[in-house]
Every structure is written in structure tokens, then in C-alpha cells.
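Observations on chain architecture
This is what each chain is made of:
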Amino acid sequence: MTNPLQQYFRVAKTYVRLPTKGAYNAPQDIDFAANFEVGVSPLTAIDHMMLKTPDALLNGETLLKVVQSCVPAVKNIKKLTQPDINVIMVAIRVASNGPIQEFDCSCPKCKHDNHISVNLAHYLDTCDSVTPHKSVDLGNDLVVYVRPFDFEQRNLQLINDFEETKAVRSINNSTDKSEADQMHELSEHINKSAHRLFDLVSKSVVKIVIKSNNQTVTEPEHIREFIASINKHQSDVIIDSIRELNEMGIQRTASVECQQCAHQWQQDLDFDPTSFFD
């Protein structure tokens, strides 16, 4: 029997264009409307409650379920790229609470606490497109093609950052270990964190082209071994290129004028889901 209340169910309240336009997804991953847009519905009460659980947000399960609930056009959420995730979360905020978001910020000149409002709809309308197939010439006969982090990589990075911070805090607060033991433990944590980071980076390398013979390397294990063996300058170039892709899409700063001293600056905006839906 058809539910007689079905006509009162949620419907898409806004449509948003994804900055990658699905360039890093298989055709079946996202059911696009016109112009690479997806419909976004407001949060349910259950969605909102889940977003209030920091531990669930950390492992990614909550965000996955919230995107499933609010953006049904996305069929394979784990393959969403980070720029698309950022845009979708802002769009869910707009669909649920309206376009105006308030932030508190301190003036870097006089330290006055300012209260500002930004129109998130404007940020969605002015998103940058993400460059597909970004390449990095290492200057040694190799060209590396990179992509943004996907949903799973993003969550692994969050967990890695959290574990590293927790480990450093635990070591610094330890009173029953010698300084030598503390340094040894810290070194082990840094080594594990570095290996996890390079695993994440290697997963964002799509292919490596050897220019002299036009050979293309796509085998993940070969790429991982290469990433682990290159010098710091080369790894920094690759990591910076991936970071640039991750940060493309929605703008994350606002022009602010201090209400006390009239100083002007660019304020970073925090779109962290743990506080964004308050």
C-alpha cells in the first residue's frame, strides 16, 4: 500500500553544481541533473542528531549517512572527491538552515571580537571548477598525474591527524617516562604518521608518465614504492599539488572589516561539520 503521507516527504530545496563535474567518478556514481547539478534536501531530525556525535563524524559513517539522506543523486559516496564533499555540506546547511551563516572572529590588529554574517548561497554560486587530470612535471623525465582525495582518503587523513595530535599530547603529559623514552615514542608515532600520509598520497596519483619512452605506470604498488623513495622536494611538489586540488571548489575566506578599528583582512571560514550545523 502506498503511504498516503508520501506527498509530504522532503524534496530537494536547492540544486548545486559539483566543482569536479564528476570528472573523477564513474558515470554510475552520480545521477546528475542538468549542468552537473545535484538536488539537496534538508537534514532530517535523525541526521541532525548524528551530526552532533563527534566520534561518529571522525570515522566518516555519519557524513556518509547524511549525504545518502540529503543527496540521493550521489550513488557512490565513498568516491566523492573532497571539493565535491565540501560543496555538498555547505549546500545541506543552506537547504536546512537558510543561506546566512554567522561566524565569530578576532581582529588581528586590535583583538576586538567581531560577529560576522556571510551568505553561503553566494559561495555556492561562485565555486571554482576543479582542474581534471592535473599534472606535475618533476623535471627528471617523469610527469605525475594527480587527483583530489576521495571520501575515504579524507576520513583517513582526519583520523591520522587526530591520532598524531593525541599521541603528541599523551607523550608531553607523561610523567613516568624518561626524556629519552618520550623522544623514542614520539619518533615512532611520527614515522607511522608519515607512512600513512604517503599511502594516502600514493592513492591520489592516477598515473606516472615516463617521457623518454612514453611509458605510463598505473600499477598502485609501483606508484606507492616510487612515492616512498623520492626526495623531499619531489614529494612536496606532489603533496602540494594534491592539496591545491583538495582546496579548490568553494571559497573559504571572507572579507572582514573590524567593527572597532576598521582594520580589514581576509578571515578563514570553518565549514567543519562538527560545528557547522549548530
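Procedures and definitions
- Per chain, the residues get numbers from 1 upward, laid out in the order the sequence is written.
- For a predicted model such as this one, the threshold for reporting local features is a pLDDT of at least 70, and the threshold for listing and counting side-chain atom pairs is 80 or more; totals across whole chains, interfaces and linings nevertheless cover every residue.
- Computation of side-chain values: all heavy atoms of the structure, hydrogens and water removed.
- When DSSP finds two or more bridges between a pair of strands, those strands are recorded as paired.
- Helix numbers and strand numbers start at the N terminus; a helix is a DSSP run of H or I with at least 4 residues, a strand a run of E with at least 2.
- Axis lines are fitted through C-alpha atoms, for helices just across the contact stretch, and the angle between N-to-C directions can take any value from 0 to 180 degrees.
- The contact criterion used throughout is that any non-hydrogen atoms of two residues lie within 4.5 Å.
- An angle below 35 degrees is treated as roughly parallel, one above 145 as roughly antiparallel, one from 65 to 115 as roughly perpendicular, and anything else as oblique.
- Left-handed is the label given to a crossing in which the near helix is rotated counterclockwise from the far helix by less than a right angle, and right-handed is the label when the rotation is clockwise.
- Note that Gly is not counted as nonpolar here; it falls among the polar residues with everything else outside the nonpolar set of Ala, Val, Leu, Ile, Met, Phe, Trp, Tyr, Cys and Pro and the charged set of Asp, Glu, Lys and Arg.
- Expected helix span is given by 1.5 Å per residue-to-residue step, counting one fewer step than there are residues.
- Three labels apply to residues, based on accessible area from a 1.4 Å probe with only protein chains included: buried if under 20% of the type maximum, exposed if over 50%, partly exposed otherwise in between.
- Read the arc as the range of directions from the helix axis to the C-beta atoms.
- Any N or O atom pair separated by 3.5 Å or less is treated as a polar contact, with the protein-specific requirement of one donor-capable and one acceptor-capable atom, and with residues adjacent in sequence counted only for side-chain atom pairs.
- The way it works is a 1 Å grid over only the protein atoms, where trapped points that fit a 1.4 Å probe form a cavity and open points with protein on both sides within 12 Å along at least five of seven lines form a pocket, and then any residue with an atom within 4 Å of a point lines it.
- Grid points are joined across faces, edges and corners, and a volume is the space filled by probe spheres set on the points.

Observations concerning the sheet that holds strand S7 (residues 205-210)
Reading across from one edge, S5-S6-S7-S8 is the order of the four strands in this open sheet, with antiparallel pairing throughout. Bordering the open sheet on either side are strand S5 (134-137) and strand S8 (215-217), each of which pairs with just one other strand. With direction set aside, neighbouring strand axes in the sheet form an average angle of 25 degrees. Relative to strand S6 (residues 142-146), S5 runs antiparallel, the two being bridged by four bridges. The residue bridging Lys134 from the neighbouring strand is Val146, located in S6. Sitting on the sheet, helix H8 (residues 220-229) is in contact with S6, S7 and S8, with an inclination near 80 degrees to S7.

A closer look at the packing of helix H3 (residues 61-70) against helix H4 (residues 82-97)
The N-to-C vectors of H3 and H4 enclose an angle of 60 degrees; their axes lie 11 Å apart at closest approach. One way to sum up the angle between H3 and H4 is to call them oblique. Between H3 and H4 the crossing geometry is left-handed. Where H3 abuts H4, its residues Leu63, Val66, Val67 and Cys70 lie against Ile88, Met89 and Ile92. Taken together, the residues of the contact of H3 with H4 break down into seven nonpolar, no polar and no charged.

What about helix H9 (residues 232-247)?
The end-to-end C-alpha separation of H9 is 22 Å, in line with the 22 Å expected for 16 residues at 1.5 Å each. For H9, every residue scored as buried is listed here: Gln234, Ser235, Ile238, Ile239, Ser241, Ile242, Leu245 and Asn246. Taken end-on, H9 shows its buried residues confined to a sector of 155 degrees, consistent with a single buried face. The exposed residues of H9 that point more than 90 degrees off its buried face are Lys232, His233 and Glu247. Of the residues flanking the start of H9, the one acting as N-cap is Asn231, its side-chain oxygen 3.1 Å from the backbone nitrogen of His233. Positive phi appears at Gly249, one or two residues downstream of H9, with a value of about 105 degrees.

Concerning the layout of surface pockets
Over the atoms a probe the size of a water molecule is rolled, and this reveals where empty space is left. By volume, the second largest pocket amounts to about 240 Å³. Lining the second largest pocket are 14 residues, with Val16, Arg17, Leu124, Asp125 and Cys127 positioned closest to its centre. Listed by contribution, the elements that provide at least two residues to the lining of the second largest pocket are strand S1 (14-17) and helix H5 (120-125). With four residues, the top contributor of residues to the lining of the second largest pocket is S1. Its residues placed into classes, the lining of the second largest pocket shows eight nonpolar, two polar and four charged.

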